[in-house]
Amino acid sequence: MEALGGWLRQVVAAVLLAALIDLLLPNRTMQRYVRLVAGLFILLTLAAPLLTWIQGDMDAKLAAGIEWAEREPGMEEDEGELAWIMAEAKRIGDGRNDQAAELAATGLEAQIRSAVEQEEGVTVDGVDVQAAWSADGTLEVGAVTVRLKPSGRAERTADASDAPIAAVDPVEPVTVDIDVGEARGPDGPAVRADAEVDGEPDAVDEAAAARAGRIAALIAGRFGIATARIDVVPAGRQGG
Amino acid sequence: MDILQIVGIGLLTAVLILVIREQKPMFAFLLATFFGIAIFLALIGKIGGVVTMIEELADRSGIQSVYLKTMLKIIGIAYIAEFGAQIVRDAGLDSIASKIEFAGKMLILVMAVPIISIIIETVLGLLPAGGGA
C-alpha cells in the first residue's frame, strides 16, 4: 500500500512538473518538443513499477543514457577523455618514478652497507635511504640512517669474522638468587652500582660517537651525501 | 515594482533604438542585445527561487532527480535558444535565427532519446517473441 502511495505521489509530481515547465516555456516554437519530452517522463513515471520489474535497475540505466545524451553533442566527452588520459598518465608516471626511487634507494643501501662493513669492520644491521624526487625532476637523497648491529666493538667483530666459527655450547641453566633483605637495605649498594655503571658508558658512548662520525664521513666522501643527512645509530640505541 | 522598472527600461531602450537605428543600425543591435542580457541577469535570482521550489517539490514527492535535472535543462535550452534566435532575428537574419531554433529543438529531442530507448526496450521485452530482448 505504501509503494502504491509513493508511486501515486510520483505521478502527481511528474504531472505538476510538466505543467510548470509548460508554463515556463518562452514561446510556442519549442512547445511541441518540450511537451513530447515531458509526456515521455510522465509515461516513464506511470510505468515505473513495470519497468523496474522487467528491466531491473532502470534508474541507473536512465541516468547513464541521459549522461550519454548530454555528452554527445558537445566537446565535453573529448575534454573528459583527455582529462582522464592525463590523469592516468600522471598516475603511471608517478608510479614509475616511485619505483625508480625505490630501486635507487635499495642499490644505494646495499653499497653503503658493503662500504661501511669493509672500511669500518662493523656489522651493519640495516641501512635506510630515503630518496625523493625534487621539484626540478632529479632524485635527491633525503636522509640516510645506518643502524649498527649490537655485536660489540669493531676490532672484535673484525677478528671474529676472520676466525672460524666455533661450536656453540648449549646454554646452561641460570639460577638467579635474589636476596630481598639486602635490596631493601640502605642506599649504599644501589649508589655503588650506579657509579660502576656510569663510568663505562661514557667511554662506550665516545667510541660509538667517534665511529659514527667516521662512518658518516665515509658515506659523505664516497657517495656525496651531506653529513647532516646521515644518521648513524650505534648498537646501544637500537632498542630505543 | 520590479516590473515597472523593467517596463520603463524597456520603453527607454525601445525609444533609443528607434532613434539610433536611423544613424547606426549596429549600435541599435548592440543596445537590444545588452537590454536582453541585463533583463536576464536581473531575473536570475527569481529564476533561482522558482527552481528551488521545483526541487523541493521533487524531493518531497520522491521523484527521481534525473527527471528534474533533465526538465530544467530542457527549459534552459529552450530559453537560451529562443533568446539567441530573437536577437539574431532583430538583426534581420531570419535564416540564422531559424538555425538556432533548430539546434535548440534537436538538443531537446536528444534528451528524450534515453527515455524512448528504455520504453522501447521494455515493450520489446514484454512481447513473447519480441526481438530476443
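What you see is a predicted model; the values in this text were computed from it and never measured. (Residues numbered from 1 in each chain as written. Chains lettered and ligands numbered in written order. Predicted model: local features only at pLDDT ≥ 70, side-chain atom pairs only at ≥ 80, totals over all residues.)

## Re the overall build of chain A
Within chain A, the regular secondary structure consists of eight helices and three strands. Beginning at the N terminus, the succession of helices and strands in chain A can be written as α-α-α-α-α-β-β-α-α-α-β. Here chain A holds 240 residues, and 16% of them are scored as buried. Across chain A, every contact between residues at least 6 apart in sequence was considered, and the portion connecting residues at least 24 apart equals 58%. (Helix = DSSP H or I, 4+ residues; strand = E, 2+ residues; numbered from the N terminus. Buried ≥ 20, exposed ≤ 12 C-beta atoms within 10 Å, placed from the backbone. Contact = placed C-beta atoms within 7 Å.)

## Focus on the interface of chain B and chain A
Taken residue by residue, the interface counts 37 residues in chain B and 37 residues in chain A. Contributing elements (two or more residues each) for the side of chain B that touches chain A: α3 (44-61), α4 (65-90) and α5 (94-126) of chain B. The leading source of residues in the side of chain B that touches chain A is α5 of chain B, at 20 residues. Taken together, the residues that form the side of chain B that touches chain A break down as 25 nonpolar, eight polar and four charged. (Nonpolar A, V, L, I, M, F, W, Y, C, P; charged D, E, K, R; others polar.)

## Regarding the confidence of the model for chain B
Residues and elements named next belong to chain B. The predicted model of chain B has a mean per-residue pLDDT of 85, with 95% of residues at 70 or higher. Confidence scores differ between elements of chain B, with α3 showing the lowest mean pLDDT of 84 and helix α1 (residues 2-23) the highest of 91. Among the scores for the predicted complex, ipTM is 0.78 and pTM is 0.50. (pLDDT = per-residue confidence, 0-100.)

## What about the pairing of strand β1 (residues 124-133) of chain A?
All names here are of chain A. Here nine bridges tie β1 to strand β2 (residues 139-148), and the two strands are oriented antiparallel to one another. Note that in β2 the partner of Ala-132 across the bridge is Glu-140. Linking β1 to β2, which pair antiparallel, is a turn of five residues; within it Gly-137 sits at a positive phi near 85 degrees. (Pairing = 2+ DSSP bridges.)

## Let's talk about the sheet that holds β1 of chain A
Residue and element names in this part refer to chain A. Ordered in space as β1-β2-β3, the three strands form an open sheet in which the pairing is mixed. For this open sheet the edge positions go to β1 and β3 (230-233), each flanked by a neighbour on one side alone. Strand-to-strand twist in this sheet, taken as the mean axis angle between neighbours without regard to direction, amounts to 15 degrees. (Axes fitted to C-alpha atoms, helices over the stretch in contact; angles between N-to-C directions.)

## Quick look at the packing of helix α1 (residues 2-24) of chain A against α4 of chain B
Direction vectors running N to C along α1 of chain A and α4 of chain B enclose 10 degrees, while the axes themselves pass 10 Å from each other. Relative to α4 of chain B, the element α1 of chain A lies roughly parallel. Residues Ala-14, Leu-17, Ile-21 and Leu-24 of chain A of α1 of chain A form the contact with α4 of chain B, whose own contacting residues are Tyr-67, Leu-68, Met-71 and Ile-75 of chain B. (Parallel < 35°, antiparallel > 145°, perpendicular 65-115°, else oblique.)

## What to know about α4 of chain B
Taking 1.5 Å of rise per residue, the 26 residues of α4 of chain B would be expected to cover 38 Å, and the 37 Å separating its terminal C-alpha atoms lies within 8% of that figure. For α4 of chain B, the full list of buried residues reads Val-66, Tyr-67, Leu-68, Thr-70, Met-71, Ile-74, Ile-75, Ile-77, Ala-78, Ala-81, Ala-85 and Val-88 of chain B. (Expected span 1.5 Å × (residues − 1).)

## What about the packing of α1 of chain B against helix α2 (residues 25-42) of chain B?
Residues and elements named next belong to chain B. The geometry of α1 relative to α2 is characterised by a closest axis approach of 8 Å and an angle of 170 degrees between their N-to-C directions. Classified by the angle their axes make, α1 and α2 are roughly antiparallel. Within the contact between the two elements, α1 uses Ile-6, Gly-10, Thr-13, Leu-16, Ile-17, Ile-20 and Arg-21 and α2 uses Pro-25, Phe-27, Ala-28, Leu-31, Ala-32, Phe-35 and Ile-39. By residue class, the composition of the contact of α1 with α2 is 11 nonpolar, two polar and one charged.

## Overview of the nonpolar core
Grouped together as the largest cluster of nonpolar side chains are 39 residues, with contacts concentrated most on Leu-17, Val-34, Val-37 and Phe-41 of chain A together with Ile-74, Ala-78 and Ile-108 of chain B. Counting only elements with at least two residues in this core, the list comes to α1, α2 (31-46) and α4 (58-71) of chain A together with α3, α4 and α5 of chain B. Val-116, Val-127, Val-146 and Ile-215 of chain A belong to the second largest nonpolar core, which has 16 residues in total. (Core = buried A, V, L, I, M, F, W, Y, C linked by C-beta atoms within 7 Å.)

## Section: the confidence of the model for chain A
All names here are of chain A. A residue-level look at chain A finds 75% of positions with pLDDT of 70 or above and a mean pLDDT of 76. Taking the mean pLDDT of every element in chain A, the minimum, 48, falls on helix α6 (residues 154-162) and the maximum, 87, on α2. Within the model, the stretch residues 153-160 combines pLDDT values under 50 with 10 contacts to residues more than four positions away or in other chains. Every residue in residues 188-199 scores below 50 in pLDDT, and together they form one contact with partners more than four places removed in sequence or on other chains.

## A short note on the pairing of β2 of chain A
Every other side chain in a regular strand lies on the same face of the sheet, so the side chains alternate between the two faces. Taken together, the four bridges between β2 of chain A and β3 of chain A define a ladder with parallel strand orientation. Within β3 of chain A, the position partnered with Val-146 of chain A by the bridge is Val-232 of chain A.

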